[in-house]
Amino acid sequence: TVVIGLVAAAMVFPLSAQEQQEGKQLHSPRLRSLRNVMFDRISLQQGLPNATMAMILQDRKGFMWFSTQGGLCRYDGHRIRVFQNSESDSTTISGVNVIAILEDRNGTIWIATEGDGLNAYDPSTDKFTRYLPRAGDSSSLSDGFLRSLYEDSEGNLWIGTMHGLEKLSHAS
């Protein structure tokens, strides 16, 4: 976030020609080093199912994960793999509108969706486990419209929903 903000500041507020002639400089060496940046793009042409990004994660193996409105994506530096829902296979992701992703201390990738609950992806099996709201079951998610994920120092998973906060205990 800091680097993105610095890049944006350097690009939005570049020194004018007059300021450059007067010898004015950007105050931070970090900002000065970011004056001549180049951006690479990953877009629909490279395989993204949707151009709207909600979150980006780099896992412990170096894969880049992107949460989009068209599915969960994993990028290995060359190819994008899109994980999408299959109604006939309960080991696929529960929905395509992915809002948040988190890798926990055990290497499980947690995926929050908008309307389709919580998913846990096990990289060793390449399978998802779905956690969905169940009417009348107080031990299930109360809401399938998730907004955020956080793992605390004890390994508990905190889940922000449209209607409050839930905690999946480490012992669960």
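Residues numbered from 1 in each chain as written. Predicted model: local features only at pLDDT ≥ 70, side-chain atom pairs only at ≥ 80, totals over all residues. Heavy atoms only, no water.

> Help me understand the overall build of the protein chain, please; the structure alone is not making it clear to me.
On a plain count of helices and strands, the protein chain comes out with three helices and eleven strands. Reading the helices (α) and strands (β) of the protein chain from amino to carboxyl end gives α-α-α-β-β-β-β-β-β-β-β-β-β-β. Burial statistics for the protein chain: of 172 residues in total, 35% are counted as buried. By element, 51% of the accessible surface of the protein chain is carried by carbon and sulfur atoms, the whole surface being about 10,900 Å². (Helix = DSSP H or I, 4+ residues; strand = E, 2+ residues; numbered from the N terminus. Buried < 20%, exposed > 50% of the residue type's maximum accessible area, 1.4 Å probe, protein only. Areas by Shrake-Rupley, 256 points an atom, 1.4 Å probe, with all protein chains shown as cover.)

> What's the story with the sheet that holds strand β8 (residues 127-131) in this structure? I'm lost.
Working definition: the strands of a sheet are paired by backbone hydrogen bonds and lie parallel or antiparallel to each other. With antiparallel pairing, the four strands of this open sheet are ordered in space as β5-β6-β7-β8. The sheet terminates laterally at β5 (98-103) and β8, the two strands that pair on one side only. Between one strand axis and the next, the sheet turns through 20 degrees on average, direction left out of account. Across five bridges, the pairing between β5 and strand β6 (residues 109-113) is antiparallel. Bridge pairing links Val98 to Thr113 in β6. (Pairing = 2+ DSSP bridges. Axes fitted to C-alpha atoms, helices over the stretch in contact; angles between N-to-C directions.)

> Explanation requested: the pattern of salt bridges in the structure shown.
Opposite charge on two side chains permits pairing when their charged atoms draw close. Applying the stated rule across the entire model yields six salt bridges. When the shortest N-O distance is used, the salt bridge between Arg79 and Asp76 registers 3.6 Å. For Asp76, a relative accessible area of 35% corresponds to the partly exposed category. (Salt bridge = Lys/Arg side-chain N within 4 Å of Asp/Glu carboxyl O.)

> Can you help me understand the side chain of Thr161 in this one?
In this fold, Thr161 is placed in strand β10 (residues 157-161). At 2.9 Å, the side chain of Thr161 forms a polar contact with the backbone nitrogen of His163. Ignoring any residue separated from it by four or fewer positions in sequence, one finds Thr161 in contact with Asp143, Phe145, Leu146, Arg147 and Glu166. (Polar contact = N/O pair within 3.5 Å; in protein donor to acceptor, adjacent residues only side chain to side chain. Contact = heavy atoms within 4.5 Å.)

> Honestly, the nonpolar core in this entry has me stumped. Any pointers?
Note that soluble globular proteins tend to have their nonpolar side chains buried in a common cluster. Ile99, Ala100, Leu102, Trp110, Ala112, Leu118, Ala120, Leu141, Leu146, Leu149, Leu157 and Ile159 form the largest nonpolar core, which has twelve residues in total. Contributing elements (two or more residues each) for this core: β5, β6, β7 (118-122), β9 (146-151) and β10. Of all the elements, β5 adds the most residues to this core, at three residues. Those residues in contact with Leu141 that lie beyond four places of it in its chain are Gly117, Leu118, Tyr131, Leu132, Pro133, Arg134, Leu146, Ile159 and Glu166. Core analysis: the next-biggest nonpolar cluster, separate from the first, contains eleven residues, Phe83, Ile101, Ile111 and Tyr121 among them. (Core = buried A, V, L, I, M, F, W, Y, C linked by side-chain atoms within 4.5 Å.)

> What's the story with the sheet that holds β9 in this structure? I'm lost.
As summarised here, the arrangement of the three strands in space is β9-β10-β11, forming an open sheet in which the pairing is antiparallel. Two strands bound the open sheet, and with one partner strand each, they are β9 and β11 (164-168). Ignoring which end each strand starts from, the neighbouring axes of this sheet average 20 degrees apart. Note that β9 and β10 share five bridges and pair antiparallel. Residue pairing for β10: Tyr150 is matched across the bridge by Trp158.

> Got a minute to help me understand unusual backbone geometry in this structure?
In most cases, non-glycine residues show a negative phi, while peptide bonds are predominantly trans. Positive phi, normally seen in glycine, also occurs at Asp126, with a value near 60 degrees. Residue Asp126 is classed as partly exposed on the basis of its relative accessible area, which comes to 32%.

> Which parts of the structure should I look at to understand the pairing of β8?
Consecutive residues of a regular strand have side chains that alternate between opposite faces of the sheet. Pairing geometry for β7 and β8, over five bridges, is antiparallel. Each bridged residue has a counterpart across the sheet, and for Ala120 the counterpart in β8 is Thr129. Where β7 folds back onto β8 in an antiparallel hairpin, the turn is made up of four residues, including Asp126, whose phi is positive at roughly 60 degrees.

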